[in-house]
Each structure stands twice: as structure tokens, then as C-alpha cells.
Amino acid sequence: MLRLDGKIALITGLGQTSDDGWGIGAAIAMKLSQQGAIIFGGNRTLPAAARTKARIEAEGGTCDIQQTDVTNSESTKALVNACFEKHGRIDILINNVGKSEPGCPATMQEEIWDQQVDLNLKSIYLTTHFVLPIMEKQKTGGTVINVSSIAGLRYIGKPQVAYSTTKAAIMQFTKATAVIYADRGVRLNTVVPGLIYTPYTRALAKRYAPGGDEESYMKMRDDQVPMKKMGDAWDVANATLFLAADESQYITGQEIVVDGGITSSTGRV
Ligand SMILES: NC(=O)c1ccc[n+]([C@@H]2O[C@H](COP(=O)([O-])OP(=O)(O)OC[C@H]3O[C@@H](n4cnc5c(N)ncnc54)[C@H](OP(=O)(O)O)[C@@H]3O)[C@@H](O)[C@H]2O)c1
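Scoring rules and cut-offs
- Residues numbered from 1 in each chain as written.
- Predicted model: local features only at pLDDT ≥ 70, side-chain atom pairs only at ≥ 80, totals over all residues.
- UniProt positions renumbered as here; feature names shortened; annotations may be inferred.
- Helix = DSSP H or I, 4+ residues; strand = E, 2+ residues; numbered from the N terminus.
- Buried ≥ 20, exposed ≤ 12 C-beta atoms within 10 Å, placed from the backbone.
- Contact = placed C-beta atoms within 7 Å.
- Near = placed C-beta within 6 Å.
- Nonpolar A, V, L, I, M, F, W, Y, C, P; charged D, E, K, R; others polar.
- Pairing = 2+ DSSP bridges.
- Axes fitted to C-alpha atoms, helices over the stretch in contact; angles between N-to-C directions.

Under an unreviewed UniProt entry, the protein chain has the name Short chain dehydrogenase and belongs to Penicillium angulare. Recorded in UniProt under Sequence similarities (unreviewed entry), the annotation for the protein chain is "Belongs to the short-chain dehydrogenases/reductases (SDR) family."

Take a look at the structure:
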């Protein structure tokens, strides 16, 4: 079940700054590799990607990495070209890069707004702009999985309007493109994580925990979830694996929400 033997998976944002725990992109790369995929990854900083590469190769997997800025057209094109030149095909594209900046329209500087749109949304336009023509030409087509957030479905307790807006847009981008490509052998779906415990979450705690109380900040996040705990990167990676594998071959233009029940609740559990 859910094997990806020999499939070429291109993943953005697979880096991670420490060996302590797993970021979502790193866990997706590892999970797909464990299921037989050959990984090609782009990340803003190379040392962070090298950490993921080393972890994958320590388990016998294959992972090439390239320094990439997914907000930049030339850099993204170079990543896609390098993967295609090496393997002659791209079967799976995972758009994982994304980040939240706090603020509402009145408080957010225009420059930050533009950065959020570029990082969270334009990046997905750019990778698909270069990858879809490749997938379309392949007999076996391809599958694209975009990483959104439940912040794109509802307000989740803090002002982050640019993040929410771009994460919502990802879902409609995916649906509209999925319909266009439905009879061309290419599927596009979105995975929608809720509150996930990652190294980035710990960085958020350092930045936002009232009085520097990181433990209370983590407990507050756990308590917001009907299951009473944050998910982890593997929960997101498992849903992504399903959408990447042939077992989901009749699913396109959909979202899988991985949130322990948050978006099904009143928010007062
Ligand atoms: N963590 C959560 O609770 C949560 C919840 C919902 C959704 N998400 C979504 O899940 C995704 C991954 O989140 P995460 O927590 O695993 O984040 P993360 O650890 O910060 O991983 C993001 C990766 O993207 C890379 N990156 C940043 N800007 C880039 C650029 N311009 N070009 C190429 N790579 C770039 C980062 O590289 P550097 O190491 O160089 O910075 C990092 O390796 C994001 O889309 C996020 O919005 C996360």
C-alpha cells in the first residue's frame, strides 16, 4: 500500500535548522523516501536542506538538494530544470514553503504584505508554471500537493490576515487548476494542517509566549484542539503520502484537513 517506488518527488522547503524534531517539509521528504520515492528538494538555505538529505540518506534513501528561492522565477526554474535534467521526469510536486507574519491590514507594512503573497502564493504559481507542462507530457501524468493551513479556513485566534488570505487562495488555486488538468493526467490537491508541533512552533513560542513561558504557550495550543494535543509533522506527511500515491488516483481538487477536529468544532471545546 501507498508505495512510490522509483517516483521522482520534487519538494520545496524540505530544510530544517536542527536535528531536534521534524518540520513538515522534512517529514514529507522522509516519508515519501521511505515509500520508495527519489527526492529532489529546493530550500532557501542549503545547510538546512543538507540536514534533511543526510537523514534520508542515513535510511538508505536518495535525496538531491539545490539552493532555491521559490519567490524568484529564475531560481525556481533552475530547480525544476535540475530535477528534470537529472531524472527526465517529475512525478510528484510538493509545495511546502510557507510562513506567517502577524498583522491586520491597518498594521501590516505593504512590504510585508507583498512578501507574504510572494512566499505563500506566488511560489506555488511559479513551481506549477514550470512543472505542469512536464507532468502533462508524461504518460503517467503527475500529482501536485500544496500545503495550506486551517488559517485559510477560519480565524484561529491571532491576526495574520496576509497568511490567512494566501492560505485560502492556495485552496482555490488548487481546485481551479485541478479541473483544468483533470483530463490531462495531473491531479492537484491540498493538505491543510491545523496546529502542528514542529521546530517552527518552538520558534513561535520563543517569539510570542507571554512572559517567555513556552510551556504554557504549548499547553494553550494543545488545549485549542478537540483531541487535546497538537499534531506532528508525520500526521501531515501521512496525509500527503496518500495524496501522492496511486491509491488516491480518483481524487483531485480536494483538501485533506489534518487538525485533530478544530475546524469541525465551535472553538470552545
Ligand atoms: N507548523 C505548523 O503548525 C503549521 C500549521 C499549518 C500549516 N503549516 C504550513 O506548513 C508548511 C511548513 O511549515 P513548517 O512549520 O514545517 O515550517 P518551516 O520549518 O519553517 O519550514 C519551511 C521551510 O521553507 C524554507 N523556505 C522559507 N522561505 C523559502 C524560500 N523563499 N524558498 C525556498 N525555501 C524557503 C525554509 O528554509 P530556511 O531553513 O532556509 O528558512 C524551511 O526549510 C508551511 O507552508 C506552513 O505554512 C504549518
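Looking at the overall build of the protein chain
When you go through the protein chain residue by residue, the secondary structure sums to 8 helices and 9 strands. Overall, the protein chain is about 55 × 40 × 35 Å in size when its C-alpha atoms are taken along their principal axes. In the protein chain, which comprises 269 residues, the proportion classed as buried is 43%. For the protein chain, long-range pairs separated by at least 24 residues make up 76% of all intrachain contacts whose partners lie at least 6 apart in sequence.

Quick look at unusual backbone geometry
For Leu 2, which is not a glycine, the phi torsion comes out positive at approximately 55 degrees. Summarising the element assignment, Leu 2 is placed in the segment before strand E1 (8-12). The class of Leu 2 is partly exposed, set by 15 C-beta atoms lying within 10 Å.

Here's the deal with the site of the ligand
Around the ligand lies a shell of 30 residues, among which Gly 13, Gly 15, Gly 23, Thr 45 and Gly 98 are the nearest. Elements with a contribution of two residues or more to the shell around the ligand: helix H1 (24-34), strand E2 (38-43) and helix H6 (199-208). Among the residues forming the shell around the ligand, the class breakdown is 11 nonpolar, 17 polar and 2 charged.

Points about the environment of Asp 64
Structurally, the position occupied by Asp 64 is in strand E3 (residues 63-67). Asp 64 has contacts with Phe 40 and Lys 86, leaving out every residue within four places of it along the chain.

Things to note about the sheet that holds E2
Pairing is parallel across the open sheet formed by 7 strands, whose spatial order is E3-E2-E1-E4-E5-E6-E9. What marks the edges here is a single partner per strand, and that holds for E3 and strand E9 (255-258). The mean angle between the axes of side-by-side strands here comes to 15 degrees, regardless of whether they run parallel or antiparallel. In this sheet, strand E5 (residues 142-147) lies alongside strand E4 (residues 92-95) in parallel orientation, the contact comprising 4 bridges. Bridging across to E5, Ile 92 finds its partner in Thr 143. Against the sheet, helix H4 (residues 110-137) engages E1, E4, E5 and strand E6 (186-193), with an angle of about 175 degrees to E4.

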